[in-house]
Each structure stands twice: as C-alpha cells, then as structure tokens.
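# Observations on the model geometry
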Amino acid sequence: MSNSTKLVPTPGQTVGPFYGYALPYDKDRELLAPGSPGSIRLQGTVYDGAGHAIPDAILEIWQPDSEGNIVHRTGSLVRDGYTFTGFGRSAVGNSGVYTFTTVNPGPTEPGAAAFISVAIFARGLMNRLFTRIYLPENEEALANDPLLSSLDPERRRTLIARRDADGGLTWDIRLQGEGETVFLDFEGAGTGGAAK
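Scope of this entry: the structure provided in the associated data block. Numbers given for residues are sequential positions, taken from 1 along each chain in its written order. Only residues with pLDDT of at least 70 get local features here, since the model is predicted, and only at 80 or more are side-chain atom pairs given and counted; chain-wide, interface and lining totals rely on the full set of residues. With hydrogens and water excluded, all non-hydrogen atoms of the structure serve as input to the side-chain values.

## Observations regarding the packing of aromatic side chains
Just so we agree on the cut-off: Here a pair means two rings of Phe, Tyr or Trp (six-membered ring of Trp) with centres within 6.5 Å. Their orientation is stacked below 30 degrees between planes, edge-to-face above 60, and tilted elsewhere. Secondary structure is summarised from DSSP: a helix means a run of H or I of at least four residues, a strand means a run of E of at least two, and numbering begins at the N terminus for each. When accessible area is computed with a 1.4 Å probe and restricted to protein chains, residues below 20% of their type maximum are described as buried, those above 50% as exposed, and intermediate ones as partly exposed. A ring is scored as having a charge over it whenever the NZ atom of a lysine or the CZ atom of an arginine sits within 6 Å of its centre and within 35 degrees of its normal.
Throughout the structure, instances matching the rule amount to three aromatic pairs. An angle of 45° between the planes, with centres 5.7 Å apart, marks the rings of W62 and F87 as tilted. You can see W62 sitting in strand 2 (residues 58-62) and its partner F87 sitting in strand 3 (residues 87-91), a full 25 residues away along the chain. Since its relative accessible area comes to 11%, F87 is described here as buried. Judged by centre distance (5.4 Å) and plane angle (50°), the ring pair of F115 and Y134 falls under tilted. Pair noted here: F115 is in strand 5 (residues 115-121) and Y134 is in strand 6 (residues 129-134), with a separation of 19 residues, a long-range link. Judged by its relative accessible area of 22%, F115 falls in the partly exposed class. For R132, the ring lying beneath its charged end belongs to F115, and the centroid distance is 3.9 Å.

Here's what the structure looks like:
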C-alpha cells in the first residue's frame, strides 16, 4: 500500500440487540454485595427522545471507592461478593429501569467533585455514549468542576444525581429531546473529553 492511499474507516453499526447469554454475567450489577457496610443503590430509567422508557439498554459504570482510590483489582467478571473492583454492568428491565449496588465514590483528589463514569449501549445508537453521574453534595466542588462549569445550569443538572431518602442515588438518562443528558465526546479531545 502506498503512502498516498487513504483508508476509510468502517462505518458504525447500531448497538444491540443484547442477548441474555452474551453480555450479562452473575452479579454484574453488584459492585459489592447488597447490605455491605457503605453500600447504596444507584438506580434510574433510560428514556428515548419521545420520553418512553427503553427496555433493552445496557449501562456500564466505573468509579473509585469511597475513599477516592482507583481500584486495580481483578474480579469484575467473576464476583466474589466482597472485592470492590469499581466496575459494574446492568441491563435495563422491560420498564427501562437499571440498578446497581455500589458505594458513594470519593473524590480522586482533594476538593474535586466525586463522580461515576458511565457508558450506555442501546438499540439505535451507532456508538456507545459516555457520560458522568455526579453526587449532589459538595456544591463548591461541583461549581469548580471543569466539565460542569463549562455547561449552562440547565444542562449541568442532567449530570447530577438525586439523593434518595434511603441514602441511594437516582439518576435518569434521556438520550434525546427535552432534558437530554450531557454526553462526552472523546474523539480528538484531550483526556477530559468534551461535552455534547
């Protein structure tokens, strides 16, 4: 092949459908066992542009532990019930609802806003989507976060979870339309990504 030949990228294909024998695995949504000290439930609903719940999406999350440490432990695909690896995968049910058992992530550096990284796979998407879930506490850290401070207040709200009465978090995802969740574009961006 000569240096003047330009390769054309393979076009994307729609993500999904997902099959029960392929991506889910035992305890995939349990980053630690339910009822473990410090465990919380992270839950929400995935909506399409018309406001209807999507019944066949998959979410993956990555997060630090409650002290803000990035965990470097094996065991994400074979859960032992007590090792926190910081990774989880949850298929949404027929109602579009997902749930994880996890911990509140700690900030990875002093004064930073704590967040959970999310990847979303769903039918009709040509590529997975990336975003973040921020904890609603520590308004000073939220105000100083580079990503959040680059957004107008209405868009910023789409990345901040609601704290439930039981201490858990609720965070809904809107793929399009009114209240669309902010998604990140990592192509050609620096390490932090760019909001879309």
